[in-house]
Amino acid sequence: MDQFVSTDSMFWKRNRLETYKYWPFKSNAPCNPESMAAAGFFATGGKTEPDSVECFMCNKPMDGWEETDNPWEEHVRHQKDCKYILLNKPDESSWTVEELYDLTKEFCVKEVERTMKKYKSSMNIESEDLRSHIPSVVKNNFKNKKYHS
Ligand SMILES: [Zn+2]
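The text that follows walks through the structure, step by step, so that each part is easy to find. (Residues numbered from 1 in each chain as written. Predicted model: local features only at pLDDT ≥ 70, side-chain atom pairs only at ≥ 80, totals over all residues.)

### Overview of the overall build of the protein
Part 1: If you tally the helices and strands in the protein, you get five helices and three strands.
Part 2: Walking the protein from its N terminus toward its C terminus, one meets helices and strands in the order α-α-β-β-β-α-α-α.
Part 3: Compactness check: the protein gives a C-alpha radius of gyration of 23 Å against a globular reference of 15 Å for 149 residues, more than 25% above the reference.
Part 4: C-alpha atoms of the protein, sized along the principal axes, occupy 80 × 40 × 25 Å.
Part 5: A burial count over the protein gives 17% of its 149 residues as buried.
Part 6: Excluding contacts between residues fewer than 6 apart, the proportion of contacts in the protein whose partners are at least 24 apart in sequence is 47%. (Helix = DSSP H or I, 4+ residues; strand = E, 2+ residues; numbered from the N terminus. Rg over C-alpha atoms; globule rule 2.2 N^0.38 Å. Buried ≥ 20, exposed ≤ 12 C-beta atoms within 10 Å, placed from the backbone. Contact = placed C-beta atoms within 7 Å.)

### Describing the nonpolar core
Part 1: Counting 18 residues, the largest nonpolar core has Met36, Phe41, Cys55, Phe56 and Tyr84 as the members making the most contacts within it.
Part 2: When residues of this core are traced back to their parent elements, those giving at least two are α2 (33–38), β1 (41–43), β2 (53–55) and α4 (83–87).
Part 3: Setting aside its immediate chain neighbours within four residues, Phe41 contacts Arg16, Met36, Val53, Glu54, Cys55 and Pro71. (Core = buried A, V, L, I, M, F, W, Y, C linked by C-beta atoms within 7 Å.)

### Focus: unusual backbone geometry
Part 1: Phi at Asn59 is positive, roughly 65°, even though this residue is not glycine.
Part 2: Looking at the secondary structure, you find Asn59 in the loop between β2 and β3 (61–62).
Part 3: With 13 C-beta atoms packed within 10 Å, Asn59 lands in the partly exposed category.
Part 4: Unusually for a residue other than glycine, Asn88 sits at a positive phi of about 60°.
Part 5: Mapped onto the elements, Asn88 comes out in the loop between α4 and α5 (97–148).
Part 6: A count of 8 C-beta atoms within 10 Å places Asn88 in the exposed class.

### With respect to the sheet that holds β2
Part 1: As summarised here, the arrangement of the three strands in space is β1-β2-β3, forming an open sheet in which the pairing is antiparallel. One side of each edge strand has no neighbouring strand; the edge strands of this open sheet are β1 and β3.
Part 2: As judged from the three bridges shared by β1 and β2, these two strands associate in the antiparallel manner. Residue pairing across strands places Ala43 opposite Val53, the latter belonging to β2. (Pairing = 2+ DSSP bridges.)

Printed below as a string of structure tokens:
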């Protein structure tokens with residue numbers, strides 16, 4: 001397994017920050033893109049739901065933000081067991097190598113779980129689709145056999 005998180009991953013704060021294109025509050029509000037990204041959130045709602053976010057680590061989706069909210073405190077209130085919250089260091093540059101390693105490991109495990117979940121659901125859809133074709137395949141096969149005998 002790849003031990004290093006790709007540079008364009010939501011694992012990194014600067015990438016999360018770039019997702020806040022339609023954030024409803026100004027940069028001088030307590031709940032601004034900078035503090036949202038530092039609290040681990042990236043925007044997911046686009047133009048239609050500008051305040052929909054998700055945590056890069058625990059994947060908790062959240063919305064309904066108020067201008068005066070403290071993103072870190074809200075994250076703690078809703079997901080106190082999030083590994084990023086437990087580390088309690090919003091400033092990446094203050095992480096030790098060991099902390100970075102632990103967080104990376106946790107993130108990679110979650111990433112594999114997310115990929116497996118996606119894969120599983122697409123496999124289910126595919127197998128349902130295949131199953132729905134079985135009767136016609138059997139029928140056609142039978143027809144062909146009859147034809148050739
Ligand atoms: Zn979280």
